[in-house]
Structures are given as structure tokens and as C-alpha cells.
Amino acid sequence: MKLALVGAHCGDVELQAGAIAHKYAKAGHEVTFVHLTAGEKGNPPHISVEEYREQKIKESEKVAEILGVKTITLDYKDAELTFNDEIVTRVATLLRRIKPNVVITHWENSIHSDHALCYKIVQAAQLKAGLPGFDLEGLAPHYYGIYHSENWEDMEGYVPDIFVDVSEEFDIYLEALSQYWFIMNSSSFRYYDYYKALGTVRGCLNRTQYAQTLKFPTGANVRKGGSIPGYEL
């Protein structure tokens, strides 16, 4: 299986589902992080926005190495994402090239406009990547499934559908998170503490030590058939 995690900024998908990504990568599956922006506008006062962009990309590469995944950062600007055909086509082309079975991305509701737009872009790219009528650099059409992962800024209406046991992966996940300056040093939000606690809380509900969660897109959790799922006649 191939898995892609698409986030608005370097650090988003790592926080949201980094332990899940590591679990699949160490099991031999190909996992790729795709960051639409570096998230550079949150630069600390001692360095410029451009310097921080370079720093975050380097940090993302360290994180990817620890988790055993690939990482790609596109050149869109933090806090300036827009929804248009250019970015949808670019993401669709990239995902045709990666050929993921599943894409994990932000939930549709967020207090951060980049996060909400990221999902909208991934959703539109799903159609464009999958339809043979679009010629995207001669690449074969490819359709992927979508799941949402859990982000503190995307919690309006987020109720988990899936709990994934990441007890064995969680220490490596925390080690990876510590490579990001903003996760360890932000004065506006305690990222490391929150996601460590969240993994613990979700683990309690999952009856495991740690867990991370996923959510189906709105309406996609409907199951149709001749019996109760899991209890076939």
C-alpha cells in the first residue's frame, strides 16, 4: 500500500498522524508527507521568514528520516493559500505520480484558513487525478481514498471514526516531533504537550496505551449491503 499525508504546513501531518505514518512505513509500506507550504510565517524574532522556511524544510527532512517516510514541500506561501485550478492541477499531478491508495489530510472545518483550503484542494484533486479526461503530464489516472486526521485547530465537528493503536510507535513519534523548533518552543501553543496528551487520551478510549484517530469525509462512513458490516449472514 502507498500512503500520502497532505498538510498545509510543515509539521501539520507529522503532529496529526505521524505515529500512524511510522507504523505503516516500518511495516514496509511507502509513505509520503506532502506540505503545501513550509509554514514559515511563524518565524521566531531572530530569523527572517525565508530563513525560517529553509529551517522548517530541513526539520521536516529530519522528521521524515526518523519516521522512515519521504517528504515533499511545495513552494506556496504560508497563510496565503488560495483555491484555484493551478494548485488543484499541481496536487493532482503530484498524487498521480505518487499513486497513494489513501490520502490523509485536514478535517474540513478549521480556525486556520490554510487547513480548510488544504482539504478542499485535496478533494478537488481527487477528482482531477482520477478522471482519464484530464491529461496531467501523461501520467495514468489514479483515484485515492481520503481520511481526515486530528488537529487542535480543526476540531469543529471532528468526531473520530477510527482509532489506530500506535503504542509501539509513539516514542519514535515524540522523538520526531522534537525536531521541529515550533513544536518545542512555541509561546502560543504547547504542541508537544498537547499531542502527547491527545495520544494518551485516544489510547484510553481505544483500550491501548496510545492511539491516533482518523475520520471519514462527511457522508463517507455510510455502508450499504445486505447485512450488518462485520456480521455477514
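None of the values given here were measured: they were computed from a predicted structure.

Asker: Looking at this model, I keep getting lost on helix H4 (residues 113–130). Mind explaining?
Answerer: Residues three or four positions apart in an α-helix share a direction because the helix packs 3.6 residues into each turn. An ideal rise of 1.5 Å per residue puts 26 Å on 18 residues; H4 measures up with 26 Å between its terminal C-alpha atoms. Of the surrounding secondary structure, the elements contacted by the buried residues of H4 are strand E1 (2–9), helix H1 (12–26), strand E2 (30–37), helix H3 (85–98), strand E4 (102–105) and strand E5 (145–149).

Asker: Can you help me understand the side chain of threonine 213 in this one?
Answerer: You can see threonine 213 is positioned in strand E7 (residues 211–215). Polar side-chain contacts of threonine 213 include one of 2.6 Å to the side chain of glutamate 150. Polar side-chain contacts of threonine 213 include one of 2.8 Å to the side chain of tyrosine 158. If sequence neighbours within four positions are ignored, threonine 213 has contacts with His148, Ser149, Glu150, Tyr158, Pro160, Ile162, Phe163 and Arg202.

Asker: Mind showing me how you'd approach the sheet that holds E5 here?
Answerer: Whenever strands of a sheet pair, they do so through backbone hydrogen bonds, lying parallel or antiparallel. What the seven strands build is an open sheet, ordered E3-E2-E1-E4-E5-E7-E6; its pairing is mixed. Of all the strands in the sheet, just strand E3 (70–76) and strand E6 (162–165) have a single pairing partner and so form its edges. Each adjacent strand pair in this sheet contributes to an overall mean axis angle of 30°, direction not counted. As judged from the five bridges shared by E2 and E3, these two strands associate in the parallel manner. Bridging across to E3, histidine 35 finds its partner in threonine 73. Packing of H4 onto the sheet brings it into contact with E1, E2, E4 and E5, and relative to E1 it is tilted by some 140°.

Asker: Explain the packing of H1 against helix H5 (residues 170–177) here, please?
Answerer: The relative placement of two packed helices comes down to the angle between their axes together with the axis-to-axis distance. At a closest axis distance of 9 Å, the pairing of H1 and H5 adopts a crossing angle of 135°. With respect to their mutual orientation, H1 and H5 come out oblique. In this structure, H1 meets H5 at a crossing whose hand is right-handed. Here Glu14, Leu15, Gly18, Ala19 and His22 of H1 come into contact with H5, specifically with Phe170, Ile172, Tyr173 and Leu177.

Asker: It is not clear to me how the packing of aromatic side chains should be interpreted in this structure. Could you clarify?
Answerer: Each aromatic ring pair is specified by the distance between its two centres and by the angle formed by the two planes. Applying the stated criterion across every chain yields a total of 11 aromatic pairs. Note on phenylalanine 170 and tyrosine 210: the rings are 4.0 Å apart at their centroids and 10° apart in plane angle, and the pair reads as stacked. Here phenylalanine 170 is found in helix H5, whereas its partner tyrosine 210 is found in the loop between helix H7 (191–206) and E7, with 40 residues between them in sequence. Between tyrosine 194 and tyrosine 195, the aromatic rings sit 5.0 Å apart at their centres with planes inclined by 75°, giving edge-to-face as the arrangement. A residue is classified by how much of its surface remains accessible, and tyrosine 194, at 27% relative accessible area, is partly exposed. In this arrangement the basic side chain of lysine 120 is found over the ring face of phenylalanine 83, its NZ or CZ atom lying 4.6 Å from the centre. For arginine 223, the ring lying beneath its charged end belongs to phenylalanine 216, and the centroid distance is 4.7 Å.

Asker: Explanation requested: unusual backbone geometry in the structure shown.
Answerer: Apart from glycine, the bulk of residues carry a negative phi angle, and the bulk of peptide bonds sit in the trans form. In this model, alanine 79 sits at a positive phi of 65°, which is unusual for a non-glycine residue. With respect to the secondary-structure elements, alanine 79 resides in the loop between E3 and H3. The phi dihedral of lysine 99 is positive, around 60°, even though this residue is not glycine. On the secondary structure map, lysine 99 appears in the loop between H3 and E4. When its relative accessible area of 42% is taken as the criterion, lysine 99 is described as partly exposed.

Asker: What is the right way to read the pattern of salt bridges from this model?
Answerer: Where charged atoms from two side chains of opposite charge approach closely, those side chains can pair. Counted under the stated rule, the structure contains 10 salt bridges. Linking glutamate 169 and lysine 26 is a salt bridge whose minimum nitrogen-to-oxygen distance equals 3.0 Å. Of this pair, glutamate 169 sits in the loop between E6 and H5 while lysine 26 sits in helix H1, placing them 143 residues apart in sequence. The class of glutamate 169 is buried, set by a relative accessible area of 3%. For glutamate 150, the salt bridge identified is with arginine 202, shortest N-O distance 2.6 Å. Taken together, the positions of glutamate 150 in the loop between E5 and E6 and arginine 202 in helix H7 put the pair 52 residues apart, joining distant regions of the chain.

Asker: Can you walk me through the environment of lysine 26 in this structure?
Answerer: Classification of lysine 26 by relative accessible area gives partly exposed; the value is 46%. As a C-alpha pair, lysine 26 and glycine 68 span 42 residues in sequence and 6.9 Å in three-dimensional space. If we skip the residues at most four places from it in the chain, lysine 26 touches Glu168 and Glu169. Side chain to side chain, lysine 26 and glutamate 169 meet in a polar contact 3.0 Å long.

What counts, and where the lines are drawn
- Residues numbered from 1 in each chain as written.
- Predicted model: local features only at pLDDT ≥ 70, side-chain atom pairs only at ≥ 80, totals over all residues.
- Heavy atoms only, no water.
- Helix = DSSP H or I, 4+ residues; strand = E, 2+ residues; numbered from the N terminus.
- Expected span 1.5 Å × (residues − 1).
- Contact = heavy atoms within 4.5 Å.
- Polar contact = N/O pair within 3.5 Å; in protein donor to acceptor, adjacent residues only side chain to side chain.
- Pairing = 2+ DSSP bridges.
- Axes fitted to C-alpha atoms, helices over the stretch in contact; angles between N-to-C directions.
- Parallel < 35°, antiparallel > 145°, perpendicular 65-115°, else oblique.
- Left-handed = near helix turned anticlockwise from the far one by under 90°.
- Phe/Tyr/Trp six-rings, centres within 6.5 Å; stacked < 30°, edge-to-face > 60°.
- Buried < 20%, exposed > 50% of the residue type's maximum accessible area, 1.4 Å probe, protein only.
- Lys NZ or Arg CZ within 6 Å of the ring centre and 35° of its normal.
- Salt bridge = Lys/Arg side-chain N within 4 Å of Asp/Glu carboxyl O.

Purely geometric stuff here, so don't read any function into it on its own.
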